[in-house]
Amino acid sequence: MIFPTLLLVFLVNVCSRPVEADICESKAKIVCYFASWAIYRDEDGMFDTNNIDPTLCTDIIYSFAGLDINLQIASLDTNADINRGGLSNITALKENNPCVKISLAVGGWGEGSIKYSVMASSQDYRDKFADSVLKFITYYNFDGIDLDWEYPTSRGGIAEDKDNFVVLLKTVKEKISPWGFQLSIAVGAETIYYNIPEIYKYVDYIHIMGYDLIQSTSNVTGLSAPFTPIKASINAWLEGGTPASKLILGVPAYGHCFNLLDASDHEIGSATTTNTCGGAYTDENGFLAYYEILLLLKNGYCDGTEVSDDTVYSWCGDEWLTYDNEETVATKTQYVLDQSLGGVMVWSLDTDDFLGLYGNKHAIVSTIYNTINSDASLFLENYD
Ligand SMILES: *[C@@H]1O[C@H](CO)[C@@H](O)[C@H](O)[C@H]1NC(C)=O
Ligand SMILES: *[C@@H]1O[C@H](CO)[C@@H](O)[C@H](O)[C@H]1NC(C)=O
């Protein structure tokens, strides 16, 4: 009999939810994603929930759950999530910081778009999915769900996804919010996938993925996180009626790399050849954790670095890197404060310099934290 157990866990969870106290208020949110597969990396790359500092983040998001064959939420890796305790560990972090909100992300790039397109297409599927979400997040003591459908209408999706996504969000929101759970979504910087004037009505937060504007397979070099198009994306959400406080700007704690066709031609837009670059720890073609980039820079493998449009590129022999560093992340965080947006999101904790091997521990997240907490207007507000 699973039901009485579930009900009990449910009641305990809902009734023990901490009251929203002033002490938990933050000038801006710091939303930190954790990629659960980081537990499989070797040596200094290994990152598990013990490496998370829950006092640096206002929100932590465990990535990713997916959809099972019935299109209901399910673990994608029962070894990491259950056998090795990922799901119960992550929500236990609330013991170290009662203010932190812990959400579960469902979706992600690897899940593709088609299952989500089918699930969103009928009220029956949407209801069953929302029921399964409520059960799952209650059982594991999460504070909310983060929907990361990449992306409605694309990658095998259909035109109707755009409106079905809105109805899906409404269904999930109405199902979970009476119990105090929050609903956020992660959206691509590309706005064409979204019915912007409707979405904000049914979600608490919108995480704008302000990165991956170039793919590692591109035949020319380009910037992953250039700020001008990302600001244009933010403005599109604002102009569509989204309250600024619901918009969370995503910054990368990682970069993309390319192999140059000609090492002496290392500008933005230079020709690339088949990628062989990547990091020894993350072991993904065309991808480097921030700590892997810092290692290249420290060892003198790089011949030059430039800042362009509030993001960075470096060329290192025949490799070309695009990434954000502490300086560009501070600039972006300051923009969030100046525009009174809801906060900053980072993908991901496990690719930051979380051990402080090359500088500050949790270099990128610490930069966001320090920028927000040293903002002058914060002190003014305290004296009101
Ligand atoms: C959960 O915590 C245990 C005990 O600290 C740790 O050994 C394990 O690696 C953690 N699991 C994950 C997935 O982080
Ligand atoms: C890259 O590919 C595009 C078409 O996808 C083509 O127009 C362009 O010439 C290519 N550039 C180089 C440098 O190969």
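Residues numbered from 1 in each chain as written. Chains lettered and ligands numbered in written order. Predicted model: local features only at pLDDT ≥ 70, side-chain atom pairs only at ≥ 80, totals over all residues. Heavy atoms only, no water.

Identification of the chain as Acidic mammalian chitinase-like from Sitophilus oryzae is taken from an unreviewed UniProt entry. The record held by UniProt for the chain lists under Sequence similarities (unreviewed entry) the comment "Belongs to the glycosyl hydrolase 18 family." (UniProt positions renumbered as here; feature names shortened; annotations may be inferred.)

Participant: What should I look at first to understand the packing of aromatic side chains in this one?
Facilitator: The geometry of an aromatic ring pair comes down to the distance between the two centres and the angle between the two planes. Overall, the coordinates contain 24 aromatic pairs when judged by the stated rule. Both rings, one in Tyr194 and one in Trp237, keep their centres 5.7 Å apart while their planes meet at 45 degrees; by these two values the pair is tilted. Of this pair, Tyr194 sits in the loop between β6 (182–188) and α7 (196–199) while Trp237 sits in helix α8 (residues 227–239), and the two are 43 residues apart along the sequence. Using a relative accessible area of 4% as the deciding quantity, one classes Tyr194 as buried. Taken together, a centroid distance of 5.9 Å and an interplanar angle of 35 degrees make the contact between Tyr313 and Trp315 tilted. When the ring centre of Tyr205 is taken as reference, the NZ or CZ atom of Lys29 above it lies at 4.5 Å. (Phe/Tyr/Trp six-rings, centres within 6.5 Å; stacked < 30°, edge-to-face > 60°. Helix = DSSP H or I, 4+ residues; strand = E, 2+ residues; numbered from the N terminus. Buried < 20%, exposed > 50% of the residue type's maximum accessible area, 1.4 Å probe, protein only. Lys NZ or Arg CZ within 6 Å of the ring centre and 35° of its normal.)

Participant: How should the pairing of strand β1 (residues 29–35) be read in this particular structure?
Facilitator: For β1, the tally of buried residues reaches 7 of 7 residues, placing the bulk of the element in the interior. Burial along β1 is two-sided: Lys29, Val31, Tyr33 and Ala35 and Ile30, Cys32 and Phe34, pointing in opposite directions, are all buried. When β1 meets strand β15 (residues 343–347), the two strands line up parallel, connected through 4 bridges. Note that in β15 the partner of Ile30 across the bridge is Val344. Where β1 meets strand β2 (residues 59–67), 5 bridges bridge the pair, whose relative direction is parallel. Across the sheet, residue Val31 finds its bridge partner in β2, namely Asp59. (Pairing = 2+ DSSP bridges.)

Participant: Looking at this model, I keep getting lost on the site of ligand 2. Mind explaining?
Facilitator: As a structural note, the neighbourhood of ligand 2 is formed by Asn219, Val220 and Ala271. Residue Asn219 places a side-chain N or O atom 2.3 Å away from an oxygen atom belonging to ligand 2. The fraction of the free accessible surface of ligand 2 (370 Å²) that becomes covered by protein chains is 24%. (Near = heavy atom within 4 Å. Polar contact = N/O pair within 3.5 Å; in protein donor to acceptor, adjacent residues only side chain to side chain. Areas by Shrake-Rupley, 256 points an atom, 1.4 Å probe, with all protein chains shown as cover.)

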